[in-house]
Amino acid sequence: MPAYLIQHPAEQRREDILIEDDDLTLTFTGGWAVFTDDRGVCLAVPSGQGAHIQRVDDEGEQAEAQGEKDSTGQPAEPATGAA
């Protein structure tokens, strides 16, 4: 099941979000990271928030080897384990 962890910069004081669904997909369009499932849009994160989006399910480890992207669609820096 696809699962993504969304982490916001500490200065924004927003809680991290874990989103998962059997039909979840992530696309980057018009300055937004858009999560959709079989019913439509679930969550949209604007690139200006500076959030880090990381796939955290088993398939995500394979995607990480191919290069994760941040909310702007640019390659994300590897996770260090510190939040």
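Residues numbered from 1 in each chain as written. Predicted model: local features only at pLDDT ≥ 70, side-chain atom pairs only at ≥ 80, totals over all residues. Heavy atoms only, no water.

### Structural notes on the nonpolar core
To keep it simple, the criterion reads: Side-chain atoms within 4.5 Å are what join buried Ala, Val, Leu, Ile, Met, Phe, Trp, Tyr and Cys residues into a set we call a nonpolar core. Burial classification: accessible surface area is computed with a 1.4 Å probe over protein chains only, and a residue below 20% of its type maximum counts as buried, one above 50% as exposed, and the rest as partly exposed. Only DSSP runs of H or I covering at least 4 residues are called helices, and only runs of E covering at least 2 are called strands; the numbering of each starts at the N terminus. Contact definition: two residues touch when any of their heavy atoms are within 4.5 Å.
Tyr4, Ile6, Ile19, Leu24, Ala33, Phe35, Val45, Ala51 and Ile53 form the largest nonpolar core, which has nine residues in total. Those elements giving two or more residues to this core turn out to be strand 1 (3-7) and strand 4 (32-37). In this view, Ile19 contacts Pro2, Ala3, Tyr4, Ile6, Leu24, Phe35, Cys42 and Leu43; residues no more than four positions away in its chain are not counted.

### Points about the pairing of strand 4
Heads up, the condition is: Between any two strands, at least two bridges found by DSSP are needed for them to pair.
Here strand 3 (residues 25-29) runs beside strand 4; their pairing, made up of five bridges, is antiparallel. Paired with Thr29 across the strands is Trp32, a residue of strand 4. Where strand 3 folds back onto strand 4 in an antiparallel hairpin, the turn is made up of two residues, including Gly30, whose phi is positive at roughly 55 degrees. Judged from the six bridges that link them, strand 4 and strand 5 (residues 40-46) form a sheet pairing that is antiparallel. Pairing of Ala33 across the sheet is with Val45, part of strand 5. Hairpin connection between strand 4 and strand 5: a loop of two residues separates the two successive antiparallel strands.

### Quick word on the sheet that holds strand 3
Each strand in a sheet pairs with another by means of backbone hydrogen bonds, the pair being arranged parallel or else antiparallel. Rule in force here: Axis definition: a line fit to C-alpha positions, over the contact stretch in the case of helices; interaxial angles, taken between N-to-C directions, run 0 to 180 degrees.
Read from one edge to the other, the open sheet built from three strands follows the order 3-4-5, with strand pairing classed as antiparallel. Only two strands of the sheet have a single partner each, and these edge strands are strand 3 and strand 5. Strand-to-strand twist in this sheet, taken as the mean axis angle between neighbours without regard to direction, amounts to 25 degrees.

### A few points about the pattern of salt bridges
As a reminder, the rule being used: The term salt bridge refers to a side-chain nitrogen of Lys or Arg lying within 4 Å of a carboxyl oxygen of Asp or Glu.
If you walk through the whole model with that rule in mind, you get one salt bridge. One salt bridge in this structure joins Arg55 and Asp57, with 2.7 Å as the shortest N-O distance. Just as Arg55 is buried, Asp57 falls in that class too.

In short, geometric facts, not functional conclusions.
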